Structure formats: structure tokens, C-alpha cells
Amino acid sequence: MAIDDLIKAVELSGQERISEIMERSNTEAAEIIREAHAKNEPIRDRLLEDSKQLVEIQKNKLLSAAREESRMEVAKTKSEIFQKVFEESPRLLGSVREDPKYRENLKVMLGEALKDLGNNDVVLHIDIRDEALLKEILNELKITADIVPDLTCAGGLNAYTRDERFVIFNTLESRLKKAKEIYRPEIFSILFGE
């Protein structure tokens, strides 16, 4: 029976040894896995952070492109509205002569032209519809000037020196064109509250 006891003792000892080896192996495996996780975590965190940064960059690019496209569309629309305002203006100017203030306005436009050109040797180009009114104004101001009714305009006049070296364009249309260029920011402010 001693052999059976010996075999059992060897088997028991082997089992204990196997258990120790398994326990040590499990502990070492757990340590290796823990170390691998510890090493992989910074890599994973870095990759995750890099991915977040790339997504943020892409998002910002898309937002910037969308904002720029929107800004361009708004600017285009504002420009179209601005143009329509000035396209509509000549139609509205067509009734200016009927306004009681037109006589005074024509007098002011004449005064502006004569201020720059002087009262001597001036030729005034006007619309034929303003000829009688302008003659009245010139008589009132005691100014002598040649009147040439060769314009078709909503009102106003163009004044030339006799030698045509100097010209003052002072029709309502020329004033409107000038206003469109000079007062664009103010007009945009009025139209769009900017």
C-alpha cells in the first residue's frame, strides 16, 4: 500500500504544483493584460483625441464654408435690392416736375452749376419741358445764358462753358447716379439697418 500512498502523494503534490503554476500563470497573465491596457490606454486616448481634433477641424471648415456661402448670398441679395431701388428711382423721378418744390430744386441745381462755372459764357442743356421755367428763373436772377433744349431727363440741367472745356452734369439722373456711388454705405444702412 505504500506505493498507492506514494502515488497519491505524488499526484497530490503534482496537483498542488499544477495549482501553483496555474495561479502564478493567471497572476502573470493578469499582470500582462493590465500592463497591455496601461500601455494601450494612452495610445487609445491619443488616437481618440486626434480623432476629436480632426472632427472639430472638419466641422469648423464646414461651418466656415457655410457661413461664407451665407454671407455671399446675403451680400448678393442686398446688392440686388439696392439695384432694384435705383432701377425703380427713374420711374419715380418721372413725376418730379409736378411737385411744387421742383421750381426751387431747379433753381438750386442752376446755382450749383453756375457756382462752379461762373455766370459768363455758360450754355445750359435742359429738357424742353423745363425751358419756360428755366427762362423765368434766369430772368429772376438776372442771368444771361444760352439754353439748349436737347436733353431728355426727369429734371435738372447740364451746364457747359461755351468752349465746352468744363461741364457740370446736374440732371436728376446724374445726381441719382452720383448718390448711388457716394452714399452706398448710408443707403445700405437705411435699407438693411447696418
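Heads up: the structure comes first, above all this text.
Now for a quick tour of the structure. (Residues numbered from 1 in each chain as written. Predicted model: local features only at pLDDT ≥ 70, side-chain atom pairs only at ≥ 80, totals over all residues. Heavy atoms only, no water.)

## Considerations on the layout of surface pockets
Space left empty within the atom packing is revealed by a probe, the size of a water molecule, rolled over the atoms.
Right, so step 1: Estimates place the volume of the largest pocket at around 190 Å³.
Right, so step 2: What lines the largest pocket is simply Glu112, Asp116, Ile168, Phe169, Asn170, Ser174, Arg175 and Lys178.
Right, so step 3: At the level of elements, helix 2 (102-117), strand 4 (167-171) and helix 4 (172-182) are the ones that each hand at least two residues to the lining of the largest pocket.
Right, so step 4: Grouping the amino acids of the lining of the largest pocket by side-chain chemistry returns 2 nonpolar, 2 polar and 4 charged. (1 Å grid on protein atoms, 1.4 Å probe; cavity = no way out; pocket = protein on both sides within 12 Å on 5 of 7 lines; lining within 4 Å. Points joined across faces, edges and corners; volume = space filled by probe spheres on them. Helix = DSSP H or I, 4+ residues; strand = E, 2+ residues; numbered from the N terminus. Nonpolar A, V, L, I, M, F, W, Y, C, P; charged D, E, K, R; others polar.)

## Considerations on the pattern of salt bridges
Right, so step 1: Here the structure, examined in full by the defined rule, presents 11 salt bridges.
Right, so step 2: With a shortest N-O distance of 3.6 Å, Lys135 and Glu131 are connected by a salt bridge. Of this pair, Lys135 and Glu131 both sit in helix 3 (residues 131-141), 4 residues apart, which is roughly one turn of the helix.
Right, so step 3: Accessibility expressed as a relative area gives 21% for Glu131, which makes it partly exposed.
Right, so step 4: Among the ionic contacts, a cluster of salt bridges with common partners joins Arg97, Asp127, Arg129 and Asp130. (Salt bridge = Lys/Arg side-chain N within 4 Å of Asp/Glu carboxyl O. Buried < 20%, exposed > 50% of the residue type's maximum accessible area, 1.4 Å probe, protein only.)

## Brief notes about the pairing of strand 1 (residues 122-127)
Right, so step 1: Across the 6 residues of strand 1, 6 count as buried, placing the element largely inside the fold.
Right, so step 2: Burial along strand 1 is two-sided: Val122, Leu124 and Ile126 and Val123, His125 and Asp127, pointing in opposite directions, are all buried.
Right, so step 3: As paired strands, strand 1 and strand 3 (residues 156-161) are joined by 5 bridges and run antiparallel to one another. By the bridge assignment for strand 3, His125 is matched with Asn158.
Right, so step 4: Taken together, the 4 bridges between strand 1 and strand 2 (residues 146-151) define a ladder with parallel strand orientation. For Val123, the partnering residue across the bridge sits in strand 2 and is Asp146.
Right, so step 5: For the crossover that starts at strand 1, traverses helix 3 and ends in the parallel strand 2, the hand is right-handed. (Pairing = 2+ DSSP bridges. Right-handed = clockwise from strand over helix to strand, strands pointing away.)

## Structural notes on the environment of Thr171
Right, so step 1: Along the chain, Thr171 turns up in strand 4.
Right, so step 2: Spatially, the C-alpha atoms of Thr171 and Ala159 are 9.7 Å apart, while their sequence positions differ by 12 residues.

## Some remarks on unusual backbone geometry
Most peptide bonds are trans, and most residues other than glycine sit at a negative phi.
Right, so step 1: A positive phi angle, near 60°, is found at Lys142, a position not held by glycine.
Right, so step 2: Along the chain, Lys142 falls in the loop between helix 3 and strand 2.
Right, so step 3: Even without being glycine, Glu164 reaches a positive phi, approximately 60°.
Right, so step 4: Summarising the element assignment, Glu164 is placed in the loop between strand 3 and strand 4.
Right, so step 5: Under the relative-accessibility criterion, Glu164 is labelled exposed at 55%.

## Brief notes about the packing of helix 2 against helix 3
Right, so step 1: Two numbers describe how helix 2 lies on helix 3: the axes approach to 10 Å, and their chain directions differ by 65°. The two elements helix 2 and helix 3 cross, and the hand of that crossing is right-handed. Facing Tyr102, Arg103, Leu106, Lys107 and Leu110 of helix 2, the residues of helix 3 in contact are Leu133, Leu134, Glu136, Ile137, Leu138, Glu140 and Leu141.
Right, so step 2: Its residues assigned to classes, the contact of helix 2 with helix 3 shows 8 nonpolar, no polar and 4 charged. (Axes fitted to C-alpha atoms, helices over the stretch in contact; angles between N-to-C directions. Left-handed = near helix turned anticlockwise from the far one by under 90°. Contact = heavy atoms within 4.5 Å.)

## Observations regarding the side chain of Asp127
Right, so step 1: Its place among the elements puts Asp127 in strand 1.
Right, so step 2: Given a relative accessible area of 3%, Asp127 falls into the buried group.
Right, so step 3: Side-chain polar atoms of Asp127 contact the side chain of Arg129, separated by 2.8 Å.
Right, so step 4: A polar atom in the side chain of Asp127 sits 2.9 Å from the backbone nitrogen of Cys153. (Polar contact = N/O pair within 3.5 Å; in protein donor to acceptor, adjacent residues only side chain to side chain.)

## So, helix 3
Right, so step 1: Among the residues of helix 3, those classed as buried are Leu133, Leu134, Ile137 and Leu138. Taken down its axis, helix 3 places every buried residue within 135° of arc, on the same side. Turned more than 90 degrees off the buried face of helix 3, the exposed positions are Ala132 and Asn139.
Right, so step 2: Here the buried face of helix 3 lies against helix 2, strand 1, strand 2 and strand 3. (Arc of directions from axis to C-beta.)

Just distances and angles here, no functional claims.
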